[in-house]
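Spelled out from the first residue to the last, the chains are:
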Amino acid sequence: MDKKLKQSIKTAAVKQEMIVVWLLDGEKIKGIAEVSADPDRVKINTIEGPVWVPYIDVESISRVIRLRVEGKTTE
């Protein structure tokens, strides 16, 4: 896993963002990233419960970023 992916996961954890993590074995995990003191694993809170994923097993991630719209919108 490269440094950019690890940094992106840590940023998502600090902001409590939803992430989708694709593992090297093809598995996909969706949940909220959580800040952890463990330097080798990320904690992801899924609907089934918390999952600890070693950074080395992560192939790629997607972050779900919420945008707040202020003011009136015209449709």
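Here, the structure is the one placed above.
Summary of the structure given here. (Residues numbered from 1 in each chain as written. Predicted model: local features only at pLDDT ≥ 70, side-chain atom pairs only at ≥ 80, totals over all residues. Heavy atoms only, no water.)

### Description of the side chain of Lys43
No. 1: Tracing the chain through its elements places Lys43 in strand β3 (residues 41-46).
No. 2: We classify Lys43 as buried; its relative accessible area is 17%.
No. 3: Setting aside residues no more than four positions away along its own chain, Lys43 makes contact with Ile32, Ala33, Glu34, Pro50, Val51 and Trp52. (Helix = DSSP H or I, 4+ residues; strand = E, 2+ residues; numbered from the N terminus. Buried < 20%, exposed > 50% of the residue type's maximum accessible area, 1.4 Å probe, protein only. Contact = heavy atoms within 4.5 Å.)

### Considering the pattern of salt bridges
Where charged atoms from two side chains of opposite charge come close, those side chains can pair.
No. 1: Applying the stated criterion across every chain, the model contains 3 salt bridges.
No. 2: In this structure, Arg63 and Glu17 form a salt bridge, with 2.7 Å as the shortest nitrogen-oxygen distance. One end of the pair, Arg63, is in strand β5 (residues 58-64); the other, Glu17, is in the loop between α1 (3-14) and β1 (18-23), with 46 residues separating them in the sequence.
No. 3: With a relative accessible area of 28%, Arg63 lands in the partly exposed category.
No. 4: Using a relative accessible area of 10% as the deciding quantity, one classes Glu17 as buried. (Salt bridge = Lys/Arg side-chain N within 4 Å of Asp/Glu carboxyl O.)

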